[in-house]
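Chain and residue survey
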Amino acid sequence: MNILVTGGAGYIGSHTCVQLLEKGMELVVVDNLSNSSQESLKRVEEITGRKVIFHKIDLLERDWLEALFRDYEFDAVIHFAGLKAVGESVKIPLHYYRNNVSGTINLCETMAKYDVKTIVFSSSATVYGEPEKVPITEDFPTAAYNPYGRTKLFIEEILKDLYTSDNKWNVVLLRYFNPVGAHESGKIGEDPKGIPNNLMPFISQVAVGRRKELVVFGNDYPTPDGTGVRDYIHVVDLAAGHVKALEKLIGKSGVHIYNLGTGKGYSVLDMVKAFEKASGVKINYRIAARRPGDIAECYADPGKAFRELNWKTERGIEKMCADTWRWQSRNPNGYE
Ligand code: NAD
Ligand code: UD1
């Protein structure tokens with residue numbers, strides 16, 4: 001299979017490239033490197049012993065995309081490229097709408113023109129807004145509370161409309177819960193630019209001495225220890241979900257929606273304790289007010305992906321923390 005991977009130099013994309021290459025698939029990666037470094041792809045080559053074809057292309061540049069589709073024949077596109085920082089999206093919404101939504105429209109127009117109609121899209125549990133109960137199944141109502149979340153929701157709707165207009169499209173919407181962890185080799189992992197927004201990279205930067213302390217956003221939620229509960233999923237399990245989706249769904253047109261999560265929820269303090277155990281380093285933290293827009297509890301019912309894709313997670317929080325620590329301690333400043 002020949003796959004175009006957009007955003008393949010990023011965190012989830014690079015881990016997925018490893019598995020696609022290990023399965024013998026042919027890849028072309030495009031990325032504008034706005035939130036990543038080409039070094040990640042060099043490391044992917046080291047891990048797999050295979051060459052990665054890379055083009056530095058911005059999805060907003062229609063002509064470059066056209067040239068790419070003229071040069072290669074693709075069977076499917078895995079579409080990771082997008083901006084993902086919730087707080088930033090509130091400050092510069094138009095930039096998020098242009099990058100994520102217009103970038104996807106450019107991509108789909110080019111795909112349609114060259115008759116490539118299979119797309120696997122990186123959606124997010126954020127499309128469930130504040131769920132009425134947990135675990136969350138794919139048929140729960142959707143909502144979005146910030147521009148980032150709305151880009152995910154709009155893109156899901158755009159892709160559904162595409163299928164309605166032309167039943168040859170094969171649209172796979174993968175709704176990720178909270179990706180964490182790193183490749184076992186310690187060569188690739190999450191390398192956020194600036195101050196991390198998400199919990200796990202923040203904890204690991206405290207552990208490695210780059211940050212003084214973790215600020216825990218609220219301990220007055222209706223959860224067992226009062227801190228927020230999430231469904232953390234090892235990025236290698238998440239990457240495997242993409243491979244399964246491609247293998248099972250290629251040639252099966254339709255709109256296929258899956259939660260990719262473990263089905264288990266852990267609190268902020270559970271994660272702190274697990275990380276301390278895996279790293280042997282004490283994580284200093286202090287409790288502060290809730291972060292606006294946060295919800296108390298969010299975890300998946302991943303049963304549909306198991307039944308239909310034969311996919312389930314295999315790595316627990318001990319491994320998520322151990323692999324994050326291996327990556328962070330060997331690369332204290334990320335890919336720099
Ligand atoms: P990431 O920032 O590491 O990777 C995204 C990549 O897309 C980056 O390499 C970036 O340079 C590239 N990119 C952005 N805009 C582009 C454009 N216009 N043209 C070309 N390349 C562009 O993020 P990630 O964590 O690997 O996330 C991948 C996808 O999964 C994103 O769409 C994200 O919204 C989604 N997602 C991530 C999470 C998470 O917690 N990491 C959760 C749910 C969904
Ligand atoms: C966040 C985004 C969500 C996005 C997801 C994956 C917000 C409001 N939501 O989700 O839209 O899809 O990332 O990119 O930003 N926490 C701390 N201290 C920290 C960081 C986090 O206590 O420094 C807590 C949070 O309050 C939460 C948990 O840790 O309870 C997980 O937070 P985070 O990693 O940011 O993920 P989400 O909030 O689930």
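Attention in this report is confined to the structure presented alongside it. The shown structure was predicted, so the numbers you read here are calculated from the model rather than taken from an experiment.

1. Let's talk about the side chain of K117
- Checked against the element boundaries, K117 lands in the loop between helix 5 (93-113) and strand 5 (118-124).
- At 2.7 Å, the side chain of K117 forms a polar contact with the side chain of D166.
- Setting aside residues no more than four positions away along its own chain, K117 makes contact with A112, D166, K168, W169 and N170.

2. Things to note about the site of ligand 2
- Inspection of the region around ligand 2 gives 18 residues, with L199, V215, R230, R291 and D294 positioned closest.
- One nitrogen or oxygen atom from the side chain of T126 is found 3.2 Å from an oxygen atom belonging to ligand 2.
- L199 is positioned such that a nitrogen or oxygen atom in its backbone is 2.9 Å from an oxygen atom of ligand 2.
- Surface burial for ligand 2 is 88%, taken as the share of its 730 Å² of free accessible area covered by protein chains.
- With four residues, strand 8 (residues 214-217) is the single largest residue contributor to the shell around ligand 2.
- When grouped by side-chain class, the residues that make up the shell around ligand 2 number nine nonpolar, six polar and three charged.

3. What about the sheet that holds strand 6 (residues 170-176)?
- Reading across from one edge, 3-2-1-4-5-6-11 is the order of the seven strands in this open sheet, with parallel pairing throughout. For this open sheet the edge positions go to strand 3 (53-56) and strand 11 (254-260), each flanked by a neighbour on one side alone. Each strand of the sheet is rotated relative to its neighbour by a mean of 20°, with strand direction disregarded.
- Sheet analysis places strand 4 (residues 76-79) next to strand 5, joined by three bridges and oriented parallel. Residue pairing in the sheet places I78 in a bridge with V120 of strand 5.
- This element, helix 1 (residues 11-22), spans strand 1 (2-6), strand 2 (26-31), strand 4 and strand 6 of the sheet and lies at about 165° to strand 2.

4. What about empty space enclosed by the protein?
- Using the criterion set out here, one finds three cavities of 30 Å³ or more in the structure.
- By volume, the largest cavity is sized at about 60 Å³.
- Lining the largest cavity we find Y11, G181, A182, E190, M200, P201, S204, T324, W327 and Q328.
- When contributions to the lining of the largest cavity are tallied by element, the ones reaching two or more residues are helix 7 (199-207) and helix 11 (317-330).
- The residue inventory of the lining of the largest cavity, partitioned by class, reads five nonpolar, four polar and one charged.
- Volume-wise, the second largest cavity comes out at about 40 Å³.
- Lining the second largest cavity are E190, D191, P192, P201, S204, Q205, R210, W327, Q328 and G334.
- If one sorts the elements of the lining of the second largest cavity by residue count, helix 7 sits on top with three residues.
- Grouping the constituent residues of the lining of the second largest cavity by class yields three nonpolar, four polar and three charged.

5. Considerations on the site of ligand 1
- Of all residues adjacent to ligand 1, which total 25 residues, the nearest are I12, D31, N35, S36 and K84.
- Within the side chain of S36, a nitrogen or oxygen atom sits 2.7 Å from an oxygen atom of ligand 1.
- Between ligand 1 and F80, the relevant distance is 2.8 Å, taken from an oxygen atom to a main-chain nitrogen or oxygen of the residue.
- Taken by itself ligand 1 offers 820 Å² of open surface, and the protein chains cover 96% of this.
- Counting residues per element, the ones that place at least two in the shell around ligand 1 are helix 1, strand 5 and helix 6 (147-165).
- A total of three residues in the shell around ligand 1 trace back to one element, the largest contributor, which is strand 5.
- Residues of the shell around ligand 1, tallied by class, amount to 10 nonpolar, 11 polar and four charged.

6. Here's the deal with the packing of aromatic side chains
- Using the criterion set out here, one finds eight aromatic pairs in the structure.
- Note on F69 and Y114: the rings are 6.0 Å apart at their centroids and 40° apart in plane angle, and the pair reads as tilted. With a gap of 45 residues between them, F69 in helix 3 (residues 62-71) and Y114 in the loop between helix 5 and strand 5 connect regions that are remote in the sequence.
- Residue F69 is classed as buried on the basis of its relative accessible area, which comes to 4%.

Quick notes on the rules
Residues numbered from 1 in each chain as written. Chains lettered and ligands numbered in written order. Predicted model: local features only at pLDDT ≥ 70, side-chain atom pairs only at ≥ 80, totals over all residues. Heavy atoms only, no water. Helix = DSSP H or I, 4+ residues; strand = E, 2+ residues; numbered from the N terminus. Polar contact = N/O pair within 3.5 Å; in protein donor to acceptor, adjacent residues only side chain to side chain. Contact = heavy atoms within 4.5 Å. Near = heavy atom within 4 Å. Areas by Shrake-Rupley, 256 points an atom, 1.4 Å probe, with all protein chains shown as cover. Nonpolar A, V, L, I, M, F, W, Y, C, P; charged D, E, K, R; others polar. Pairing = 2+ DSSP bridges. Axes fitted to C-alpha atoms, helices over the stretch in contact; angles between N-to-C directions. 1 Å grid on protein atoms, 1.4 Å probe; cavity = no way out; pocket = protein on both sides within 12 Å on 5 of 7 lines; lining within 4 Å. Points joined across faces, edges and corners; volume = space filled by probe spheres on them. Phe/Tyr/Trp six-rings, centres within 6.5 Å; stacked < 30°, edge-to-face > 60°. Buried < 20%, exposed > 50% of the residue type's maximum accessible area, 1.4 Å probe, protein only.

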